[in-house]
Amino acid sequence: MQKECIAMLLAGGEGSRLGVLTKDRAKPAIPFGGKYRIIDFTLSNCVNSGIDTVGVLTQYQPLELNDYIGNGQPWDLDRKEGGVHILPPYQTRQCSDWYKGTANAITQNKPFIEQYHPKYILILSGDHIYKMNYSKMLQYHKEKNADCTIAVIDVKKEDASRFGIMNVQDDGRIYEFEEKPEHPKSTKASMGIYIFNWDKLRFYLESDENDVNSCNDFGKNIIPSMLLAEENMFAYSFKSYWKDVGTIDSLWESHMDLIKSKDNIICKDKDWKIYARSPMKPPHYVGANSKITNSIVAEGCSIEGDIDSSVIFQGVTIEPGALVHNSIIMSGAHLMKGSSIYNAIIDENVVVGQNAVIGSTVIDPVKITVVGSNTKIGDGETITNNN
């Protein structure tokens, strides 16, 4: 069996900066946007781009993610030839290793890759929110006769020092890579999306594996090694919405981005759908005395309180007199009478007692309060700024 291009999706990171949200789940499994998971965007991008073979490399707390992906049917990836495959670390006769870095994760899965005899490998991350046609990036890669193509996005000059920055020539050729430079020369930030010629990448992976001083990482080792060897490396500019949701603040901000306009990343591009494994729920109910403004409310909710500028997931109950403002309320949460939620992320199946207050009304800077899944907040309790 031969596939021109297969995708390897890195989904094993711990996501420690997300605190209690990743205590029992991998970062790509975090709920997003009312009915999705973060990984839905990358998987949907693959199938919409015509890439039907995806390896998902898991490691940290994989149970919920594995169960969610299942056989890949919601993304049309339940294929006899190809499809989606969960790839955890495994034991061989020689050794048993956790993935030591992003490059090592690919190295350990060479047998999976080589059964498809691909010419190109697409390396992806499972913790970004965006819509992207990878087939256009692959076409660019071919036109440039590149050995490696790296997707980049322009960021603000003042933010550039937070990213890996690609310095490029006028034709897009990369001549230098700077990891979080103090004085960046450009604003072209790496998105962590790579296309490699497989025979070329395999050579560098093998060399990197033999280097005892290597971190076995694409950004720290593979990319610099290829640049040093003057391989053909090009930057592919992406100009649409993209958000790395690796922190509490960025996850909250990305949800607030959804409600700034009805033309958000979920609703727009009707021909580029985001697919999800979403349970069937009845329509949501909104009580006669409730008020909802500038918000997203998913199916199966019972709303009798007030909601403003918030994202409410499936199956949430909000009792009379409860208030939700600038917040994310995940599936199954129950907010009892008189409770107030401000600038907060409430994880799945949380119960908030009567007249409890969660979050802060401070808006400059916004302080995000997070409550972990299955927590019960007592009547009258106050929780603020625990992030």
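J.: Whenever I open this one, the packing of helix α6 (residues 198–209) against helix α7 (residues 218–228) confuses me. Can you help?
T.: In a packed pair of helices, the relevant descriptors are the angle between the two axes and the axis-to-axis distance. Across the interface, α6 lies against α7 with an axial gap of 10 Å and an inter-helix angle of 120 degrees. In this view, α6 runs oblique relative to α7, as classed from their interaxial angle. Of the two possible hands of crossing, α6 and α7 adopt the one that is right-handed. Along the contact surface, α6 presents Lys200, Leu201, Tyr204, Leu205 and Asp208, while α7 presents Phe218, Asn221, Ile222, Ser225 and Met226.

J.: Looking at this structure, how should I read the sheet that holds strand β28 (residues 369–371)?
T.: Where strands meet in a sheet, backbone hydrogen bonds hold them as pairs that are either parallel or antiparallel. Pairing within the open sheet is parallel, and its five strands lie in the order β16-β19-β22-β25-β28. One side of each edge strand has no neighbouring strand; the edge strands of this open sheet are β16 (296–297) and β28. Across two bridges, strand β19 (residues 311–312) lies against strand β22 (residues 328–329) in parallel orientation. Residue pairing across strands places isoleucine 312 opposite isoleucine 329, the latter belonging to β22.

J.: What exactly am I supposed to notice about the sheet that holds strand β30 (residues 382–383) here?
T.: Taken in spatial order, the six strands make up an open sheet running β15-β18-β21-β24-β27-β30, and their pairing is parallel. The open sheet has two edge strands, β15 (291–293) and β30, and neither has a second partner.

J.: What is the right way to look at the nonpolar core in this model?
T.: Counting residues in hydrophobic clusters, the biggest one holds 42 residues, and the most contacted among them are Leu43, Val54, Leu122, Leu124, Met132 and Ile193. Setting aside chain neighbours within four positions, we find leucine 43 in contact with Leu9, Val54, Ile69, Trp75, Leu77 and Val84. Counting 33 residues, the second largest nonpolar core, distinct from the first, contains Leu87, Tyr99, Ile223 and Met233.

J.: Looking at this structure, how should I read unusual backbone geometry?
T.: Glycine aside, residues mostly have negative phi, and peptide bonds are mostly found in the trans state. One non-glycine residue, aspartate 76, lies in the positive phi region at around 60 degrees. Tracing the chain through its elements places aspartate 76 in the loop between α2 (63–69) and β5 (83–87). A relative accessible area of 43% places aspartate 76 in the partly exposed class. In the Ramachandran plot, asparagine 355 falls in the positive-phi region, its phi being about 65 degrees despite a non-glycine side chain. Along the chain, the position of asparagine 355 falls in the loop between β26 (351–352) and β27 (357–359).

J.: I keep staring at helix α1 (residues 39–48) and nothing clicks. Help me out?
T.: Residue pairs three or four apart in sequence face the same way in an α-helix, which turns once every 3.6 residues. Counting buried residues in α1 gives nine out of 10 residues, a clear majority hidden from the surface. Looking one or two places after α1, you find glycine 50, whose phi comes out positive at around 85 degrees.

Reading the values: rules and limits
Residues numbered from 1 in each chain as written. Predicted model: local features only at pLDDT ≥ 70, side-chain atom pairs only at ≥ 80, totals over all residues. Heavy atoms only, no water. Axes fitted to C-alpha atoms, helices over the stretch in contact; angles between N-to-C directions. Helix = DSSP H or I, 4+ residues; strand = E, 2+ residues; numbered from the N terminus. Parallel < 35°, antiparallel > 145°, perpendicular 65-115°, else oblique. Left-handed = near helix turned anticlockwise from the far one by under 90°. Contact = heavy atoms within 4.5 Å. Pairing = 2+ DSSP bridges. Core = buried A, V, L, I, M, F, W, Y, C linked by side-chain atoms within 4.5 Å. Buried < 20%, exposed > 50% of the residue type's maximum accessible area, 1.4 Å probe, protein only.

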